[in-house]
Amino acid sequence: MTADPPWAIAYSETGRAGLATATPEERAAVLGFEKQAAASPYTCGELYPDRVGGLYTAQLSVGGRYAWTSVLYRVDEVRREVLIVAIVSGP
């Protein structure tokens, strides 16, 4: 039995902008999240109750502590893709 191939990771324009303005620690945390999401996107976040549906949120550990940094993402079953919609950071 072979393992499932990893999920593709893609960024929306807002997601790319969030990654571009992230601190080095936040960027490292997001790249770590990418690895987790590529392996199993449904287990690294929680379903977010939005009006459209299908939006997940994952709070990240930055520099060894949980901070106000979260990734909002959608899972596309047909494309087998995780779309990082936004990266949200706070103080």
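The structure under discussion appears in the preceding block.
A brief report on the enclosed structure follows. (Residues numbered from 1 in each chain as written. Predicted model: local features only at pLDDT ≥ 70, side-chain atom pairs only at ≥ 80, totals over all residues. Heavy atoms only, no water.)

1. Considerations on the side chain of Glu81
Turning to its location among the elements, Glu81 is positioned in strand β5 (residues 81-89). Looking at Glu81, the relative accessible area reads 18%, which means it is buried. In this view, Glu81 contacts Trp7, Ala8, Ala10, Arg74, Val75 and Asp76; residues no more than four positions away in its chain are not counted. (Helix = DSSP H or I, 4+ residues; strand = E, 2+ residues; numbered from the N terminus. Buried < 20%, exposed > 50% of the residue type's maximum accessible area, 1.4 Å probe, protein only. Contact = heavy atoms within 4.5 Å.)

2. With respect to the sheet that holds strand β2 (residues 46-48)
In space, the five strands of this open sheet follow the order β1-β5-β4-β3-β2, with mixed pairing throughout. With partners counted over all chains shown, the strands left at the sheet margins are β1 (8-11) and β2, one partner each. Geometrically, the sheet is characterised by an average inter-axis angle of 40° between neighbouring strands, direction not taken into account. One ladder, built from three bridges, connects β2 with strand β3 (residues 55-62); its direction is antiparallel. Among the inter-strand pairings, Glu46 is bridged to a residue of β3, identified as Thr57. Contacting β1 and β5, helix α1 (residues 13-21) crosses the sheet at an angle of about 50° to β5. Taken strand by strand, helix α2 (residues 24-39) contacts β1, β3, β4 (65-76) and β5, and its axis lies near 130° from that of β3. (Pairing = 2+ DSSP bridges. Axes fitted to C-alpha atoms, helices over the stretch in contact; angles between N-to-C directions.)

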